[in-house]
Amino acid sequence: MDGEKVAQYIEEAHDREIPFLQYNNENSLSCVITLCYLYARNYYEVTREDKSGKGFVDYLFTPKKKGYPAIILELKYNKSAEEAIDQIKRKKYVDRVSNFDEILLVGINYSTEADNHKHHDCIIEKY
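Definitions and limits used
- Residues numbered from 1 in each chain as written.
- Predicted model: local features only at pLDDT ≥ 70, side-chain atom pairs only at ≥ 80, totals over all residues.
- Heavy atoms only, no water.
- Helix = DSSP H or I, 4+ residues; strand = E, 2+ residues; numbered from the N terminus.
- Contact = heavy atoms within 4.5 Å.
- Polar contact = N/O pair within 3.5 Å; in protein donor to acceptor, adjacent residues only side chain to side chain.
- Pairing = 2+ DSSP bridges.
- Axes fitted to C-alpha atoms, helices over the stretch in contact; angles between N-to-C directions.
- pLDDT = per-residue confidence, 0-100.
- Salt bridge = Lys/Arg side-chain N within 4 Å of Asp/Glu carboxyl O.
- Buried < 20%, exposed > 50% of the residue type's maximum accessible area, 1.4 Å probe, protein only.

- As named in an unreviewed UniProt entry, the chain is PD-(D/E)XK nuclease domain-containing protein, taken from Amedibacillus hominis.

1. A look at the environment of Q87
Consideration 1: Position of Q87 among the secondary structure elements: in helix α3 (residues 81-90).
Consideration 2: Beyond its immediate stretch of four places on either side in the chain, Q87 contacts E74, K76 and Y93.
Consideration 3: One polar contact links Q87 to Y93, side chain to side chain, over a distance of 3.0 Å.

2. Side note on the sheet that holds strand β1 (residues 44-52)
Consideration 1: Pairing within the open sheet is mixed, and its five strands lie in the order β1-β2-β3-β4-β5. The open sheet terminates on both sides in strands that have one partner only, identified here as β1 and β5 (119-126). Strand-to-strand twist in this sheet, taken as the mean axis angle between neighbours without regard to direction, amounts to 20°.
Consideration 2: By the bridge criterion, eight bridges tie strand β3 (residues 70-77) to strand β4 (residues 103-111) in an arrangement that is parallel. By the bridge assignment, Y77 is partnered in β4 with Y110.
Consideration 3: Its contacts with the sheet place α3 against β3, β4 and β5, and it is angled at close to 140° to β4.

3. Remarks on the confidence of the model for the chain
Consideration 1: Overall, the prediction assigns the chain a mean pLDDT of 84, with 86% of residues at 70 or greater.
Consideration 2: Within the chain, the lowest mean pLDDT, 69, falls on helix α2 (residues 26-36), and the highest, 96, falls on α3.

4. Notes on the pattern of salt bridges
Consideration 1: Throughout the structure, instances matching the rule amount to two salt bridges.
Consideration 2: Note that E125 and K89 form a salt bridge whose closest N and O atoms lie 2.9 Å from each other. Of this pair, E125 sits in strand β5 while K89 sits in helix α3; the two residues are 36 residues apart in sequence, bridging distant segments of the chain.
Consideration 3: Classification of K89 by relative accessible area gives partly exposed; the value is 44%.
Consideration 4: K126 is paired through a salt bridge with E102; the nearest N and O atoms lie 4.0 Å apart. One end of the pair, K126, is in strand β5; the other, E102, is in the loop between α3 and β4, with 24 residues separating them in the sequence.

Laid out in structure tokens, this is it:
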């Protein structure tokens, strides 16, 4: 639930793992997310661009066993983590995992604009 810490880890991985020439796009951020969440595959079915509600959720983490929350993760590029959370709600991405007791909504934005050059933001909300 610590969005600032998650953003810090993602930013560190993005700086370390993605070549500078390919750094500034949403696909590069998707690759970083995949790297960061490889371990999660032990506990979750992780799918990308999954049909849910009124669109396609960027990442859907469906727990393999009880005791773990479902996670809906939406990425934004040069927008805001708030916009990502709003999109999850507006497009009803929770429909795909509505049978789970606990659902986390995660919005991550990567900004290349001058004030926030190479900066990542993250918001985590309980649904």
